[in-house]
Amino acid sequence: MTELTSLRHIPTANPFRKGDVFVLFGELFGRGYVNGLIDEARKAGMTIVGITVGRRDENNALRALNAEELAEAEEKLGGRIINVPLMAGFDLDAPAGERNPTEMLSGITLKNWQEEQLDWAKVEACRAAGVRRFTDAAAEAMAEINKLIPDGSNVFFAHTMAGGIPKIKAFLAIANRIYKGRGERFMSSRALLDSDLGKLILMNFDEVTANTLQHLINASAGIRERMKNSGGSVRYTAYGYHGSEILIDGKYQWQTYTNYTQGYAKMRLESVAQAAWSQGIHATVFNCPEIRTNSSDIFVGVELSLFPLLVALKREGGGDWADQQWQICQGLLEDGLQLQTILDQIEAYNNDPTSASFRNFAAWPMDNTPALADIMIGTSEEITARHKDRKALITDHLSALVLEGAGPLMFHGAAEQIGPVLWLNHDIIARQLNALHP
Ligand SMILES: NC(=O)c1ccc[n+]([C@@H]2O[C@H](COP(=O)([O-])OP(=O)(O)OC[C@H]3O[C@@H](n4cnc5c(N)ncnc54)[C@H](O)[C@@H]3O)[C@@H](O)[C@H]2O)c1
């Protein structure tokens, strides 16, 4: 079991200066967590370099970005993108002439998926093909990145990759039930994990979410060595998730979204950083609080833990700026509804014995249950419905604040070289935000 190692101070170390290089290992989306880190790198005057995961053509073959896609991505990033497709996972990989896992599972339906059996030797051959493709591409991309890094630079690799849900039609329906279903539409996450389909998905999560950090560390060994010998430095960060502490009952308490199927891969990500750290490589997984992004929107209810951040902002010395955040959030609710009423509803939800029984750090990631789905998804839907506009939610605003706070904590926290796994909880996020807005 991992120990809960929380960051409790605001780090300030800043070795980065103009000409140092920030490398984003993943793509950038508008609401994504890594925006917070990129803002810091820009402020420090660093050169920003990115990669692409590539795109699939009509035959599912992986291709590089075309000129238009590349220009758009570089504009968004504010830096050069190395156009070598770095899509991770093996759901569409196979040895020549063999079927890939998506093809192996093309016959599954909502009725038969639990009985469907896979030939694991064949799956393993696909996995090996996918890993080879990825590590070859990573070596090619890294040779290009290497050319952009002057001797003596401080290099910051930011890993953001997570995912790996295969595009199998029936599975998308199953996922919708597991993450969004309640009542008759409830589906058990344990049933999924016990099936061959589930085992394959967990393998793919491991490849995308965890093993890519190891491949990044391996592929950049030459850069590490060159920086070491020329007075520079190399650091790695990755985004983890392993629950987070929020205010419940007036105290910061660890809680989690359930069921977080990806949790096994996130624990593996932690061990990749721990193993690297023990060899003197500064790789830190920052376990971050729940926010709403392109990737997390599928998990209905994951956003409920955001609301108590408003209370944390006041608790951690917030002044006028914290009051303004309350007013902004109040303004998003339907007329006549007090923000405090919603905060009371969240407090009641967190103190309900059903949700409280999932606050078990040692047992993480626990399976979902019909009772949890009822209360979590029910509360989420009720609160969403009480906004003026379903497209402008309090949790959108609070998500933007959390990523703003996480950026400097990770940037300077990585600079300070504190340890391989650090939790960012609502206390430190709130303190950092208040410090940014005195
Ligand atoms: N949203 C949350 O609540 C939350 C909480 C803690 C940690 N995180 C982590 O933060 C990181 C960024 O996620 P985000 O929520 O900001 O969403 P996001 O959608 O902005 O980022 C997801 C990233 O994963 C990459 N990716 C997806 N599939 C991939 C594949 N097959 N191969 C390679 N790369 C792939 C994308 O390019 C992108 O960089 C992830 O590691 C995520 O697990 C998110």
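Residues numbered from 1 in each chain as written. Predicted model: local features only at pLDDT ≥ 70, side-chain atom pairs only at ≥ 80, totals over all residues. Heavy atoms only, no water.

### A look at the packing of aromatic side chains
Here is the rule we go by: Each Phe, Tyr or Trp ring (for Trp, its six-membered ring) is paired with any other whose centre lies within 6.5 Å, and the angle between the two planes then decides the class: stacked below 30 degrees, edge-to-face above 60, tilted in between. Each helix corresponds to a stretch of at least 4 residues labelled H or I by DSSP, and each strand to a stretch of at least 2 residues labelled E; elements are numbered beginning at the N terminus. Residue exposure (1.4 Å probe, protein chains only): buried if accessible area is under 20% of the type maximum, exposed if over 50%, otherwise partly exposed. Counted as over-ring charges are cases with an Arg CZ or a Lys NZ within 6 Å of the ring centre that also lie within 35 degrees of the ring normal.
Taken as a whole and assessed by the stated rule, the structure comprises 15 aromatic pairs. When the ring of phenylalanine 16 is compared with that of phenylalanine 411, the centres are 4.9 Å apart and the planes differ by 40°; the resulting orientation is tilted. You can see phenylalanine 16 sitting in the segment before strand E1 (21–25) and its partner phenylalanine 411 sitting in helix H15 (residues 394–416), a full 395 residues away along the chain. For phenylalanine 16, a relative accessible area of 6% puts it in the buried group. Members of the aromatic cluster, each reached through a chain of ring pairs, are Tyr179, Tyr241, Tyr257, Tyr260, Phe299 and Trp364. One residue, lysine 314, lies across the ring of tryptophan 326, its end atom 4.0 Å from the ring centre.

### Some thoughts on the packing of helix H11 (residues 320–332) against H15
We count it as follows: Angles shown run from 0 to 180 degrees and are taken between the N-to-C directions of axes, each axis being a line fitted to C-alpha atoms and, for helices, limited to the stretch in contact. Any angle that falls under 35 degrees is termed roughly parallel, while one over 145 is termed roughly antiparallel, one within 65 to 115 roughly perpendicular, and all others oblique. A contact between two residues is defined here by any heavy atoms of the two lying within 4.5 Å. Residue type decides the class: Asp, Glu, Lys and Arg count as charged, Ala, Val, Leu, Ile, Met, Phe, Trp, Tyr, Cys and Pro as nonpolar, and the leftover types, Gly among them, as polar.
Running from N to C, H11 and H15 cross one another at 150°; their axes reach a closest spacing of 9 Å. With respect to their mutual orientation, H11 and H15 come out roughly antiparallel. Seen from H11, the contacting residues are Trp321, Gln325, Ile328, Cys329 and Leu332; seen from H15, they are Ile394, His397, Leu398 and Leu401. Tallied by class, residues from the contact of H11 with H15 come to seven nonpolar, two polar and no charged.

### A look at the side chain of serine 220
In this structure, serine 220 sits in the loop between helix H7 (196–219) and helix H8 (221–229). Judged by relative accessible area, serine 220 falls into the buried class, the value being 0%. In this structure serine 220 touches Met142, Phe157 and Tyr236, once residues within four positions along its chain are discounted.

### Description of the site of the ligand
Note the following rule: Proximity is defined per residue: if any heavy atom of the residue lies within 4 Å of a molecule or strand, that residue is considered near it. Within 3.5 Å is the distance limit for a polar contact, defined as a pair of N or O atoms, with the added protein rule that one can donate a hydrogen and the other accept it, and that residues adjacent in sequence qualify only through two side-chain atoms. Here the accessible surface of atoms and residues is derived via Shrake-Rupley with a 1.4 Å probe, and residues count as covered only by protein chains that are part of the display.
Glu27, Tyr33, Thr160, Thr293 and Ser295 are the nearest of the 25 residues found near the ligand. Interatomic distance of 2.8 Å between a backbone N/O atom of isoleucine 291 and an oxygen atom of the ligand. About the coverage of the ligand: the protein hides 90% of its 820 Å² of free accessible area.

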